[in-house]
Amino acid sequence: MGCKISKNNQSNGVNSASDNLSKENTSKFVDGRKYQQADRLDLQHYIQKNIWQNNFFAPVGHLPEQEGTKVLDVGTGAGSWLFEMAADYPKAKFIGIDISLIDSFQTKPSNAEIIKGNVLERLPFDDNTYDYVFQRILYVGIPENKWPSVINELIRVLKPDGYLELLEPDFKPNNMGPATTKITDANNSFERGLDSNICYKLQNYLEENKQLYDVHCEIKKELDAENEEELRKLSSENFTTAVMTLKPKLASIMNGI
Ligand SMILES: C[S@@+](CC[C@H](N)C(=O)[O-])C[C@H]1O[C@@H](n2cnc3c(N)ncnc32)[C@H](O)[C@@H]1O
């Protein structure tokens, strides 16, 4: 189902953040209906939280209880994870960063902020700023050959003994039917350079980066949540909605398949 990796880091520390930039229009038209990207990202967050039965897997439960703790969410999207964590842990400061700012329907807690930035470039933070860096479902934004440099950048902004957590789903499951296989193949053909199986490579990338210790990988192959049926239904809805937003692109490729 996915691969979730958490770890400690050893290097050195200081801090900073930057300002909010203007939001982009993230509404999309799907079959004549105005659709907000935040809806789907909130749904995706609900699914992920229920699959893992928590908002985090790294042993960081103590950190946000401490005054002054700084948490970074890379590729925060609509801030679904960020805002929920910020509300749960009011003593900590939560910064989300994303290449594209998305209007969220959730109330922004006062200890949370979202800024614009590209993880493929240098992040706008000093070395050793964050106690905990979280990054979820960035497969879509990081070409396979860029993962080592992205991990290096995440470690740069992480404090010594801070925690880094990466969560990526397996985007090419084995049990796809013919229609899903056709759609997935079409999608992969225009997303050249992305690796739909990146989740299985992250542990190696993290271990190869010599600044980390205590690397741990968790793979969830089976759903063991009580609301398994609901999650399956919602995951299907989430997949369909995501595919619908790509309809024009996919249609042109699939007509040629
Ligand atoms: C699938 S969404 C995941 C959102 C969020 N992490 C979550 O789990 O709810 C991927 C997000 O990554 C952002 N993104 C893609 N490429 C990025 C990049 N190079 N730097 C920063 N954010 C990026 C997208 O704008 C999008 O909001």
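Please refer to the structure placed before this passage.
Here the structure is a predicted model, which means the values were calculated and not measured.

Novice: Please give an account of the overall build of the protein chain that cites residues and values.
Specialist: A tally of helices and strands in the protein chain yields seven helices and nine strands. Each of the 257 residues in the protein chain was classed as buried or not, and the buried ones make up 33%. Taking all contacts inside the protein chain whose residues are at least 6 apart in sequence as the whole, residues at least 24 apart take part in 79%.

Novice: Tell me what's going on with the environment of Ala251, and back it up with residues and numbers.
Specialist: Relative to the helices and strands, Ala251 resides in helix H7 (residues 247-255). Expressed as a C-alpha distance, the spacing of Ala251 and Ile183, which sit 68 residues apart in the sequence, is 9.2 Å.

Novice: Report on the site of the ligand, specifying residues and quantitative values.
Specialist: Taken together, the neighbourhood of the ligand is formed by 19 residues, with Gly75, Gly77, Ile99, Arg136 and Gly141 sitting nearest. Of all elements in the fold, only helix H1 (37-52) and helix H2 (80-88) reach the threshold of two or more residues within the shell around the ligand. The residue inventory of the shell around the ligand, partitioned by class, reads eight nonpolar, nine polar and two charged.

Novice: Outline unusual backbone geometry, listing residues and values.
Specialist: What you tend to see is this: most non-glycine residues have negative phi, and most peptide bonds are trans. Phi at Asn128 takes a positive value of approximately 55°, unusual for a residue other than glycine. For Asn128, the location among the structural elements is in the loop between strand E6 (112-116) and strand E7 (130-136). By the C-beta count within 10 Å, which is 19 here, Asn128 ends up partly exposed. Phi at Ile137 takes a positive value of approximately 55°, unusual for a residue other than glycine.

Novice: Requested: an account of the nonpolar core, with residues and values cited.
Specialist: If you look at the biggest cluster of nonpolar residues, it comprises 43 residues, and the most contacted ones within it are Val71, Leu72, Phe94, Tyr132, Val133, Leu154 and Val157. Those elements that place two or more of their residues in this core are strand E4 (70-74), H2, strand E5 (93-98), E7, helix H3 (147-156) and strand E8 (158-169). Every residue in contact with Phe94, bar those within four places of it in the chain, is listed here: Val71, Asp73, Leu82, Met85, Ala86, Asn111 and Ala112.

Parameters at a glance
- Residues numbered from 1 in each chain as written.
- Predicted model: local features only at pLDDT ≥ 70, side-chain atom pairs only at ≥ 80, totals over all residues.
- Helix = DSSP H or I, 4+ residues; strand = E, 2+ residues; numbered from the N terminus.
- Buried ≥ 20, exposed ≤ 12 C-beta atoms within 10 Å, placed from the backbone.
- Contact = placed C-beta atoms within 7 Å.
- Near = placed C-beta within 6 Å.
- Nonpolar A, V, L, I, M, F, W, Y, C, P; charged D, E, K, R; others polar.
- Core = buried A, V, L, I, M, F, W, Y, C linked by C-beta atoms within 7 Å.

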